[in-house]
Amino acid sequence: MSSHLRTFRLAAWLGWEMESNWTEPWLFAIYSVIKPVAGAFILVVMYLSFTFIQPPTAGMEAANQARFNFIYVGNIFFIFVAATLFGTFQVIQADREWYQTIRYVYMSPIPFYTYIVGRAASKVAVATFAAVITLLFGIFFLGVRVSLDLAEVPIFLAALFLGLLCLVAIGVCLAALSFITAKHVHGLAEGIPGMFYLFCGVLFPLSVLPGWGQGVGKIIPLTYWFDLERRLILPPDTWNYVSTSLPTDNLYTLALLLVSTLAFYFLSILLFRLGEHLARKAGKIDMTTAY
Amino acid sequence: MTATVNRLSLNLRAMFGRSYPRVIGMQREPSWLFFETILPLLGIAAYVFIYKGFFLGLDADPAANERLNAMIGFVVIGGTMIAFWLNVLWSMASQLYWEKEMGNLALYMMAPMSRMALLAGMAVGGMFMTGTRAIVTLVAGIYVFGVVLTVTSPLLILAVFFVTLIALYGMGMMLASLYLLWGREAWHLSALMEEPIFLVSGFYFPAKALGQSIALGASIIPATLGLDALRQLLFPSKALSGIWILPPDTELAILLVLAVLFLFLARASLAYLEVLARREGRLTSRHQ
Amino acid sequence: MAYAIETKDLSRLFRRKLPLFKRRKSEGEPVGDTQALDKVDLQVNEGELFGLLGPNGAGKTTLIKILCTLLLPSSGYAAVAGHDVTKDPFPIRRQINMVSGGETSGYGLLTVRENVWMFSQFYGIPSKTAKDKIDELMKVFGLWDKRNEKVRGISTGQRQKMNMIRGFVTDPSILFLDEPTLGLDVNAARVIREYVHDWVKKQKGKTVLLTTHYMAEADLMCDRIAIINKGQVLACDTPENLKKKAGQDSTFRLEVDPLKQTEPFSAIAGVRNFSVNSDIVKNTMKLTFILSDESAVSDIMSSVMAQGAKIHSLQKTEPTLEDVFVAMCGRTLE
């Protein structure tokens with residue numbers, strides 16, 4: 001256990017240094033905010049485009065506001081998805097292709113799985129900061145309404161924690177893939193989050209997707225994570241205008257999230273070992289594939 | 001004259017030489033087919049479903065339906081152009097950062113070839129991958145989401161497309177010069193030029209939705225006017241008038257100017273920043 | 001007379017950029033600027049195989065980078081093939097190439113042959129000419145069997161051979177070799193040395209500037225050697241003349257028990273310079289003394305015994321290039 005803790009701490013420190021020491025702290029803070037806020041603004045403008053498609057009729061304000069809240073809050077939690085997934089699976093490619101340190105790290109007596117998780121921790125920290133800023137921005141400048149009962153704070157935090165664990169596990173599954181694939185970090189960085197963007201009901205209710213799409217979404221634990229966090233944060237009247245076709249019992253959803261997170265955790269260990277084994281067998285642990 | 005021919009021959013060979021690893025790399029590591037074509041479609045699909053999801057049952061309102069079709073088409077075309085923008089950012093501009101990390105940059109800078117030939121080689125070499133991604137996005141987007149386009153002026157569409165590309169790649173060469181001097185700062189600058197540029201250039205919606213002034217300001221990025229012109233030409237319906245920045249002819253003219261300007265600026269900035277980087281000793285310093 | 005390489009008062013200062021919010025200073029953190037080169041004057045004749053010797057951090061690589069047009073000098077003048085490196089880099093680039101030891105350039109995905117061919121294209125060499133030359137060099141350097149192997153699958157030594165081929169394939173007038181035999185086995189290193197020597201001597205107008213840590217290599221190959229330390233050229237002459245200068249002094253080598261203090265040796269009259277190396281396996285210290293007066297030996301031995309250490313061996317040797325180096329730099333070439 002102490003080896004894991006030590007490795008995690010060291011990797012987290014390294015990840016933070018690599019993440020932040022390229023510039024002054026204040027500039028780093030601005031950079032960390034601009035990207036997610038710009039991403040949120042894309043949705044704001046798309047939302048405004050709705051009025052172009054169908055000019056609002058009287059009495060639609062509440063429905064429009066509910067939909068906007070739905071999209072905006074979904075996007076806030078998506079910040080974690082993009083950052084955590086990218087932060088996890090790019091560790092191997094970065095250490096292998098850019099810094100060429102992977103062979104030295106890999107052969108040292110540390111749990112490599114934990115090392116990757118530790119390296120991703122800095123991305124999660126930055127994502128948390130960006131998510132909070134984006135939420136506050138939405139509340140104070142864009143009229144986003146949120147409401148979280150004090151009694152629901154523990155379940156909110158528990159869900160947040162489980163969701164992040166699940167993300168890390170999924171990220172490690174992707175890292176396992178990157179053991180044996182060429183340098184396609186940006187293809188993965190864009191594509192995998194895109195898959196969740198589509199199937200997890202981030203920006204639109206799952207019920208919008210065709211039947212098979214809904215089926216895919218219901219298998220992905222993040223779907224429940226987004227749904228639960230949104231239900232806890234958004235005002236109750238939101239659900240008068242938006243229907244997700246997912247279970248509405250919070251504890252049940254949390255339990256689903258727990259089970260699926262555990263399942264992904266074990267899957268990640270399996271895939272990680274497999275990817276590692278295949279890479280060692282083929283001599284690809286420290287291959288360079290840049291072109 | 002002989003010196004000019006020799007220089008041209010040198011730079012053409014250099015361009016061919018640098019494009020070679022890209023071309024061969026695609027053949028030897030075919031995993032890009034999945035990562036660069038299938039996966040990006042998912043992100044675009046998500047944006048399409050935002051529009052579709054909140055406007056189910058618009059069949060009874062043909063005008064609204066037409067506008068919805070156009071908005072979805074905008075997303076598809078924007079997604080197509082994203083392929084080129086990301087290629088400019090990551091496979092050209094920031095490529096010099098990777099080359100520095102791998103130890104190739106010093107050898108490139110020591111060679112007598114033009115820096116623009118080097119960058120052009122990277123662009124040309126990656127064009128097949130980027131082009132494949134763009135075509136798959138466009139075709140799949142049209143067929144899967146049922147977008148209805150009207151091709152009224154095919155020559156003008158091609159002209160806009162290619163001039164936009166040249167201007168975009170010229171801009172990419174200009175950005176690449178930053179990497180001679182900077183290291184990770186430039187990499188993060190490239191990362192910063194994804195979502196904010198998607199926003200102000202209107203990759204997923206008409207740029208004029210941000211206001212005419214902002215749209216005009218954003219026109220310095222070739223993708224803004226390029227997308228606007230392409231959308232006007234592919235969705236010429238009068239129901240959509242009022243959402244465009246400028247007429248397509250005017251936008252093409254401005255794009256031509258931008259193309260020349262960026263190529264000129266690229267040449268100047270590459271030369272200038274190379275001198276700066278040599279002065280500061282940054283051409284060979286890794287992990288900056 | 002036009003030199004292949006010429007420098008006058010060449011200096012290079014690296015300024016250290018301090019962060020806006022200064023971090024806590026840790027021990028060993030460098031402070032201040034670094035004077036990498038300090039008024040270096042060198043002239044390398046055309047057709048010469050010129051060596052540059054110096055410890056780590058002496059400024060060898062900085063000098064090579066300036067001459068290869070990768071770095072600008074802070075002051076002074078440098079010219080390669082008659083062209084100023086600051087004002088006129090382009091014509092220089094057509095005529096030079098550089099190979100560094102331990103270089104990791106190229107793309108792992110390409111074969112050995114493809115990598116070298118690619119770099120040849122940056123010099124405008126017609127494909128057929130380049131390919132023929134590559135094949136010829138591959139046979140010379142013993143890499144023919146690996147020509148179609150991907151670079152990521154070859155060994156470090158084979159990679160270095162590939163780098164050497166890359167250096168020669170463009171047929172430069174001036175070749176910069178920065179520790180070129182690093183990572184090579186004895187046989188391969190010998191092949192390279194012979195090839196480099198023949199390349200310079202049997203062809204007109206070829207010049208090589210070589211940096212190396214291997215004294216024997218420099219002694220064997222170089223027409224002239226410059227010894228550089230802390231950015232300054234301490235001596236520049238043929239190996240024979242350098243050794244003769246050192247021959248005016250005597251060289252004594254002692255092997256003793258580990259000593260607590262070595263500073264007292266500097267104060268002994270007749271000691272021009274000395275170096276200390278620890279042998280961890282044998283738990284001894286090896287001391288090399290350059291003496292202007294051999295009678296200093298007795299004082300040295302007294303100083304060793306005063307510290308309670310035993311003397312395991314003592315020998316007087318003929319001056320080598322290493323002794324020249326120690327005499328000038330006060331240390332061996334690590």
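Residues numbered from 1 in each chain as written. Chains lettered and ligands numbered in written order. Predicted model: local features only at pLDDT ≥ 70, side-chain atom pairs only at ≥ 80, totals over all residues.

Caption draft 1: Region of interest: the overall build of chain A. Across its full length, chain A holds 10 helices and 0 strands. Counted from the first residue to the last, chain A has its helices and strands arranged as α-α-α-α-α-α-α-α-α-α. Its C-alpha radius of gyration of 20 Å places chain A within 12% of the 19 Å reference for a compact globule of 291 residues. Here chain A holds 291 residues, and 48% of them are scored as buried. Within chain A, residue pairs in contact and separated by at least 24 positions form 86% of the contacts whose partners lie at least 6 positions apart. (Helix = DSSP H or I, 4+ residues; strand = E, 2+ residues; numbered from the N terminus. Rg over C-alpha atoms; globule rule 2.2 N^0.38 Å. Buried ≥ 20, exposed ≤ 12 C-beta atoms within 10 Å, placed from the backbone. Contact = placed C-beta atoms within 7 Å.)

Caption draft 2: Local environment of the overall build of chain C. A count of helical and extended segments in chain C gives 10 helices and 14 strands. For chain C, the spread of C-alpha atoms along the three principal axes comes to 70 × 50 × 50 Å. Within the span of chain C, comprising 334 residues, buried residues form 46% of the whole. Long-range contacts, defined as pairs at least 24 residues apart, comprise 74% of the intrachain contacts of chain C with a sequence gap of at least 6.

Caption draft 3: Focus on the nonpolar core. Core analysis: the biggest nonpolar cluster contains 269 residues, and I79 of chain A together with L67 and I165 of chain C have the highest contact counts within it. Here the element with the most residues in this core is helix 3 (residues 62-93) of chain B; it accounts for 19 residues. (Core = buried A, V, L, I, M, F, W, Y, C linked by C-beta atoms within 7 Å.)

Caption draft 4: Summary view of the pairing of strand 9 (residues 224-229) of chain C. All names here are of chain C. The buried fraction of strand 9 is high, at 5 of 6 residues. Judged from the 4 bridges that link them, strand 3 (residues 49-53) and strand 9 form a sheet pairing that is parallel. In the strand pairing of strand 9, L53 is matched with I227. Examined bridge by bridge, strand 9 and strand 10 (residues 232-237) share 5 bridges and lie antiparallel to one another. Within strand 10, the residue paired with I228 across the bridge is V233. Between strand 9 and strand 10, which pair antiparallel in sequence order, lie 2 residues; one of them, K230, sits at a positive phi of approximately 50°. (Pairing = 2+ DSSP bridges.)

Caption draft 5: View of the interface of chain A and chain B. Between chain A and chain B, the contact holds 42 residues from the first and 44 residues from the second. Of all the elements in the fold, those that place two or more residues in the side of chain A that touches chain B are helix 2 (25-53), helix 3 (61-98) and helix 7 (185-199) of chain A. Considering each element in turn, the side of chain A that touches chain B owes the most residues, 14 residues, to helix 2 of chain A. The class makeup of the residues in the side of chain A that touches chain B is 28 nonpolar, 11 polar and 3 charged. (Nonpolar A, V, L, I, M, F, W, Y, C, P; charged D, E, K, R; others polar.)

Caption draft 6: Main features of the sheet that holds strand 14 (residues 311-317) of chain C. Residues and elements named next belong to chain C. One open sheet accounts for 4 strands, arranged 12-13-11-14; its pairing is antiparallel. Among the strands making up the open sheet, the edge pair consists of strand 12 (271-279) and strand 14. Strand-to-strand twist across the sheet, computed as the mean angle between neighbouring axes with direction ignored, equals 15°. (Axes fitted to C-alpha atoms, helices over the stretch in contact; angles between N-to-C directions.)

Caption draft 7: Inspection of helix 3 of chain A at higher detail. Residue and element names in this part refer to chain A. At Q90, helix 3 is deflected by roughly 45°, the largest bend along its length. With 31 of 38 residues buried, helix 3 lies mostly within the body of the structure. Positioned one or two residues after helix 3, Q100 has a phi angle of 50°, which is positive. (Bend = angle between axes of the 7 residues up to and from the residue.)

Caption draft 8: Layout of the environment of V136 of chain B. All names here are of chain B. Examined against the element boundaries, V136 turns out to sit in helix 6 (residues 115-145). By C-beta crowding, V136 is classed as partly exposed, having 18 other C-beta atoms within 10 Å. Separated by 100 residues in the primary sequence, V136 and E36 have C-alpha atoms spaced 9.7 Å apart.

Caption draft 9: Focus on the pairing of strand 12 of chain C. Note: strand 12 of chain C against strand 13 (residues 284-291) of chain C, 8 bridges, orientation antiparallel. Pairing of F274 of chain C across the sheet is with F289 of chain C, part of strand 13 of chain C.

Caption draft 10: View of the sheet that holds strand 4 (residues 75-80) of chain C. Strand order in the open sheet formed by 4 strands is 2-1-4-5 (chain C), and the pairing between neighbours is antiparallel. The sheet is open, and its two edges are formed by strand 2 (34-44) and strand 5 (83-84) of chain C, each paired on a single side.

Caption draft 11: Up close: the environment of F28 of chain A. One can find F28 of chain A in helix 2. With 109 residues separating them along the chain, F28 of chain A and F137 of chain A place their C-alpha atoms 18 Å apart.

Caption draft 12: Summary view of unusual backbone geometry. Residues and elements named next belong to chain C. In this structure, T69 is a non-glycine residue whose phi angle is positive, near 65°. As for its position among the elements, T69 is in the loop between helix 1 (60-67) and strand 4. In the Ramachandran plot, K230 falls in the positive-phi region, its phi being about 50° despite a non-glycine side chain. Structurally, K230 is set in the loop between strand 9 and strand 10. Residue classification places K230 among the partly exposed positions, given that 15 C-beta atoms sit within 10 Å.

Caption draft 13: Fine view of the confidence of the model for chain A. For chain A, the mean per-residue pLDDT works out to 85, and 95% of the residues sit at or above 70. The least confident element of chain A is helix 7 of chain A, whose mean pLDDT is 75; the most confident is helix 9 (residues 221-233) of chain A, at 92. (pLDDT = per-residue confidence, 0-100.)

Caption draft 14: Layout of the environment of L27 of chain A. You can see L27 of chain A is positioned in helix 2. Looking at L27 of chain A, the number of C-beta atoms within 10 Å reads 13, which means it is partly exposed.

Caption draft 15: Geometry of the packing of helix 3 of chain A against helix 6 (residues 153-178) of chain A. Residues and elements named next belong to chain A. Running from N to C, helix 3 and helix 6 point in directions that differ by 35°, and their axes come no closer than 8 Å. Relative to helix 6, the crossing made by helix 3 is right-handed. Judged by residue contacts, F80, V81, T84, L85, T88, F89, V91, I92 and Q93 of helix 3 engage L164, L167, V168, I170, G171, V172, L174, A175 and S178 from helix 6. Counted by class, the contact of helix 3 with helix 6 contains 13 nonpolar, 5 polar and no charged residues. (Left-handed = near helix turned anticlockwise from the far one by under 90°.)

Caption draft 16: Up close: the confidence of the model for chain C. Residues and elements named next belong to chain C. Counting all residues, the mean pLDDT for chain C is 87, and 93% of those residues have values of 70 or more. Per-residue pLDDT, averaged within each element of chain C, yields its smallest value for helix 10 (residues 321-329) (76) and its largest for strand 8 (residues 207-211) (96). Below a pLDDT of 50 lies the segment residues 20-25, which in the model reaches 2 contacts outside its immediate sequence neighbourhood of four places, other chains included. Predicted complex metrics record ipTM = 0.78 and pTM = 0.80.

Caption draft 17: The packing of helix 1 (residues 2-20) of chain A against helix 5 (residues 112-141) of chain A, seen in detail. All names here are of chain A. Following both chains from N to C, one finds helix 1 and helix 5 inclined at 45°, their axes separated by 7 Å at the closest point. As summarised for this structure, helix 1 and helix 5 are arranged oblique, according to the angle between their axes. With respect to the hand of their crossing, helix 1 and helix 5 are arranged in right-handed fashion. In this structure, helix 1 contributes H4, T7, F8, L10, A11, A12, L14, G15, W16 and E19 to the contact, and helix 5 contributes T114, Y115, V117, G118, R119, A120, A121, S122, K123 and V126. Class assignment of the residues belonging to the contact of helix 1 with helix 5 gives a composition of 11 nonpolar, 6 polar and 3 charged. (Parallel < 35°, antiparallel > 145°, perpendicular 65-115°, else oblique.)

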